[in-house]
Amino acid sequence: MALFGGSVAPVDEFHNFTSALPGAPLTRWERKAAEAAAAAALTERSSSAANIAPTTPGRSNGRRSRPRTPKSVGKPKTPSAGGDRYIPCRSGMSMDMGRLALNFGGKENGGEPDEGAISTSVAAPGAVPGASTSSTDDGASSSDGDSDRDGCTLSSRNYNLALASSLLESSASNDGVDTDGDEVMTDAVCAGVAPATAASTAVSAGAGADTSSAAASAAAAASKILAFKRKAPAPRDGYVNSTRVLYSAASGPGVSRRKTFRHVPSVPTKVLDAPEMLDDYYLNLLDWNASNILAVALRDTVYLWNAGSGTIQELCRTSTGADDYVTSVSWIAEGNYLAVGTNSAEVQIWDADKLARLRTMRSHAGRVGALAWNGPVLSSGSRDAAIHHHDVRIAAHHTATLAAHTQEVCGLKWSPNGSQLASGGNDNLLCVWDAAVAGGSTTSTATSGTVPTQAPRHVLTAHTAAVKALAWCPWQTNLLATGGGTADRHLRFWNTSSGACVNAVDTRSQVCSIVWNPADKELLTSHGFSQNQLTLWKYPSLTRMAELRGHTSRVLHTALSPDGQTVVSGAADETLRFWNVFAGESGDAPAPTAPGTTAARGVKDGKKALSGSLCIR
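All values derive from a computational prediction rather than experimental measurement. (Residues numbered from 1 in each chain as written. Predicted model: local features only at pLDDT ≥ 70, side-chain atom pairs only at ≥ 80, totals over all residues. Heavy atoms only, no water.)

Undergrad: Mind laying out the nonpolar core, listing which residues take part and the relevant values?
TA: Counting 30 residues, the largest nonpolar core has Leu294, Val302, Leu304, Leu338, Val340, Val568 and Leu576 as its most contacted members. Of all elements in the fold, only β6 (286-288), β7 (293-298), β8 (301-306), β9 (312-317), β10 (326-331), β11 (337-342) and β33 (575-579) reach the threshold of two or more residues within this core. (Core = buried A, V, L, I, M, F, W, Y, C linked by side-chain atoms within 4.5 Å. Buried < 20%, exposed > 50% of the residue type's maximum accessible area, 1.4 Å probe, protein only. Helix = DSSP H or I, 4+ residues; strand = E, 2+ residues; numbered from the N terminus.)

Encoded structure:
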């Protein structure tokens, strides 16, 4: 009912119970009528769509249109409007969006204000919460919050940021700074001022937030809950933390980062020709003594090269025939006596100072390919698969026989303390012998004329090829390194007390010789096919520190200089190459040794130290 000829107000219309309620559910007869009308309209649209040719899909109102399959005429679906089912509007269930719409108005998506709305740049002091001032046509200011509220809108994102800031009650230093660098006036929101007005107030108040983006980023990082705002204080000078090994980052002042590997020269310092060096895996043709003299066997001749002066001397030459040649050489540990094995099954003792042969010992039935000294006792391995002990101080030199191998013995090494002997053969066996059992009583043996035979302490069968490369660790007792041939290629480490293999690595090539670094936990191995390289290993990790390439054929022999820093390698390419591979304790290059002097093995005069205890007959 209208009053004074006007229309009914919305509130009065709501209280007029005689009229239909807007948006109320339809009655049953009205719903049935609407369903029938909808079915008829659907049938009419289907028949009219069948007579219209399909068009090319295009864009309409910003959306991609697609040809639709004509719907079949059937039972019509129940209309959603005014139906029995209630499908909630999920966009209307967002509390944030609802509060935004109630408080700030604007479009549904929180976009731009309505047309004609003008937001002020400064909020009037003492303004009512949620209200803002606006200019009218006559220049008067209005404080009607409802009218201005419709014109001042805020995006849902900014509102969420403002709401989060007000709930978390950020500190004064972090108020108004968003983690993304956007400015949010949380103080204004907490004070009850409309966010749109507060934002415009901040913009007009000044450009403080724009002048320092770095400061805003730092403040944003500091506002993160899980951020470490302060670093640990630096320790005082001289302080040593007991848990530094476990928890130190190995950086910063007072912390030194250790190099993983030292520099190893990859080029030899000297190269010498060695013509007619035999290409035979089972021979041992190179040795370096304490007087800095290198002995090299080139077919039927033994040469001596003085590393200090560079002079070369011919020591001996085989004289039993054209088929005879030198098969092994070995210096005594203290002195200038050299043992020479030949293909004619002889073992000869030579004096390097006088260039004279002292004696010849015969006890084997095949060539002598391996020799090793233990004081005055010389051990020899032969192709007859036997190992003989020779005491060079007595006439009946053959004092014991070690029988365990079934094929040629190609490797012999005594431990540094002389308590154990390691032997390797072409039968893939590695044997460890005790010196106490092997030595026996030389007096009773010489008197009876019989030679005792001993069994090994350990017979190790892990290798699957010939075992020639043998080397005892100079700084750890009972640690033996061995290398296998072409079919095995493994570098193995043994505890000779228990006979257990403590470590192994596949070198992927034939292992010909092994040399330990006496000053550090390193060892050098020489190899054959296919790279013909020397490999430096870190022990016990067995990490490859360096690979030295230069030989064009397999590197069969190696020897260590008396200063413990230079390794000489002899290969089937008939060359000798000197490698400065082992750095000393100071890390400097090895100092040259003067001619006629002994180096760092602790013997001032090897010949004089030997002459009082050994007399070769």
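Undergrad: Explain unusual backbone geometry to me, using residue names and the numbers behind them.
TA: Residue Ser530 is bonded to the preceding Phe529 through a cis peptide linkage, with omega at 15°. Checked against the element boundaries, Ser530 lands in the loop between β28 (522-527) and β29 (534-538). A cis amide bond links Tyr539 with the next residue in sequence, Pro540, at an omega value of 5°. Take Pro540: it is sitting in the loop between β29 and β30 (543-548). Phi at Asn478 is positive, roughly 65°, even though this residue is not glycine. Residue placement: Asn478 occurs in the loop between β23 (467-472) and β24 (479-484).

Undergrad: Lay out the confidence of the model for the protein in plain terms, naming residues and giving numbers.
TA: Mean pLDDT over the protein stands at 74; residues scoring 70 or higher make up 57%. Taken together, the stretch residues 1-6 has pLDDT below 50 and engages in 3 contacts with residues farther than four places along the chain or on a different chain. Across residues 585-613 the pLDDT falls below 50, and counting only partners more than four positions away or on other chains, this stretch makes 45 contacts in the model. (pLDDT = per-residue confidence, 0-100. Contact = heavy atoms within 4.5 Å.)

Undergrad: So what's going on with the environment of Ala403? Which residues, and what values?
TA: Following the sequence through the fold, Ala403 ends up in strand β17 (residues 398-403). Its relative accessible area of 44% is what places Ala403 among the partly exposed residues. For Ala403 and Pro456, which are 53 residues apart along the polypeptide, the C-alpha to C-alpha distance reads 7.9 Å. For Ala403, the contacting residues outside a window of four places in its chain are Trp433, Thr453, Gln454 and Pro456.

Undergrad: Quick one: what's the story with the sheet that holds strand β14 (residues 368-374), residue by residue and with numbers?
TA: Ordered by their spatial adjacency, 5 strands build an open sheet running β14-β15-β16-β17-β21, and the pairing between neighbours is mixed. Of all the strands in the sheet, the pair left with one neighbour each is β14 and β21 (453-454). Direction of pairing for strand β15 (residues 377-382) relative to strand β16 (residues 386-391): antiparallel, over a ladder of 5 bridges. When the bridges of β16 are listed, Ser380 appears paired with His388. (Pairing = 2+ DSSP bridges.)

Undergrad: I'd like to hear about the pairing of strand β13 (residues 356-362), residue by residue, with values.
TA: Bridge analysis of strand β12 (residues 346-351) against β13 gives 6 bridges, and the strand direction is antiparallel. Its bridge partner being in β13, Trp350 is matched across the sheet by Arg357. Counting the residues in the hairpin turn of β12 and β13 gives 4 residues, including Leu355, whose phi is positive at 55°.

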